[in-house]
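# Notes for the structure review
So you can see what is in the structure, the chains are spelled out below.
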Amino acid sequence: NTKYLDKVVEVEGKIQSIKTEDNGQTSVVLDSGSMMFGVNCQIDTTKLEVVNRYKEGDNIKLKGVCTGMLMDVVLVRCVPIETWTQIAQIFGFRW
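Everything numeric in this text was worked out from a predicted model, so none of it was measured.

About the thresholds
- Residues numbered from 1 in each chain as written.
- Predicted model: local features only at pLDDT ≥ 70, side-chain atom pairs only at ≥ 80, totals over all residues.
- Heavy atoms only, no water.
- Disulfide = S-S within 2.5 Å.
- Buried < 20%, exposed > 50% of the residue type's maximum accessible area, 1.4 Å probe, protein only.
- Pairing = 2+ DSSP bridges.
- Helix = DSSP H or I, 4+ residues; strand = E, 2+ residues; numbered from the N terminus.
- Axes fitted to C-alpha atoms, helices over the stretch in contact; angles between N-to-C directions.
- Salt bridge = Lys/Arg side-chain N within 4 Å of Asp/Glu carboxyl O.
- pLDDT = per-residue confidence, 0-100.

Once that is clear, we can look at the state of the cysteines. Going through the model one piece at a time under the given rule, you end up with zero disulfides. Cysteine Cys-66 is unpaired, with the sulfur of Cys-78 as its nearest cysteine sulfur at 9.6 Å. Classification of Cys-66 as buried rests on a relative accessible area of 5%.

So, in structure tokens, the structure goes:
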């Protein structure tokens, strides 16, 4: 737990769920292959527009600050890391 605590880490995976809490905080939960555990990524409020383009089942790469692990690994202030291929798919470009 201390190896990654308060460090910026990059994670990539399939979106299991996207949730917005009553306080407006949006979190993306990545599938870990386990029903009991996941990677909970709290999205930086300045990047909500980008994250809203994604849906459950999509693959996403995020970078955020690890605050530890309870049942899930928790990352805060997450921002999406989009590749040119992902951007082209979002906007329907082909090459």
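Let us now look at the sheet that holds strand β2 (residues 26–31). Sheets are built from strands that pair by backbone hydrogen bonding, the pairs being arranged parallel or antiparallel. In space, the five strands of this closed barrel follow the order β1-β2-β3-β5-β4, with mixed pairing throughout. Taking each pair of neighbouring strands and ignoring which way they run, the sheet shows an average axis angle of 55°. Here strand β3 (residues 38–43) runs beside strand β5 (residues 73–80); their pairing, made up of four bridges, is parallel. For Asn-40, the partnering residue across the bridge sits in β5 and is Val-74.

The next subject is the pairing of strand β1 (residues 8–20). By the bridge criterion, seven bridges tie β1 to strand β4 (residues 59–69) in an arrangement that is antiparallel. Bridge pairing in β4 links Lys-14 to Asn-59. Between β1 and β2, which pair antiparallel in sequence order, lie five residues; one of them, Gly-24, sits at a positive phi of approximately 90°.

This part takes up the pairing of β2. Burial runs high along β2: five of the six residues are buried. Taken together, the five bridges between β1 and β2 define a ladder with antiparallel strand orientation. Bridging across to β2, Ser-17 finds its partner in Val-29. The sheet contact formed by β2 and β3 spans five bridges and is antiparallel. Residue pairing for β3: Asp-31 is matched across the bridge by Gly-38. Linking β2 to β3, which pair antiparallel, is a turn of six residues; within it Gly-33 sits at a positive phi near 90°.

In this section: the pattern of salt bridges. Side chains that differ in charge, positive against negative, can pair when their charged atoms come close. This model, assessed by the stated rule, comprises three salt bridges. We note a salt bridge from Lys-61 to Glu-10, for which the minimum N-O separation is 3.9 Å. Of the two residues, Lys-61 sits in strand β4 while Glu-10 sits in strand β1, which places them 51 residues apart along the sequence. What you see here is one network of salt bridges that share partners, running through Glu-10, Lys-61 and Lys-63.

Our focus in this paragraph is the confidence of the model for the protein chain. Per-residue pLDDT for the protein chain has a mean of 86; in total, 85% of the residues score no lower than 70. When pLDDT is averaged over each element of the protein chain, β2 comes out on top at 95 and helix α2 (residues 84–91) at the bottom at 60.

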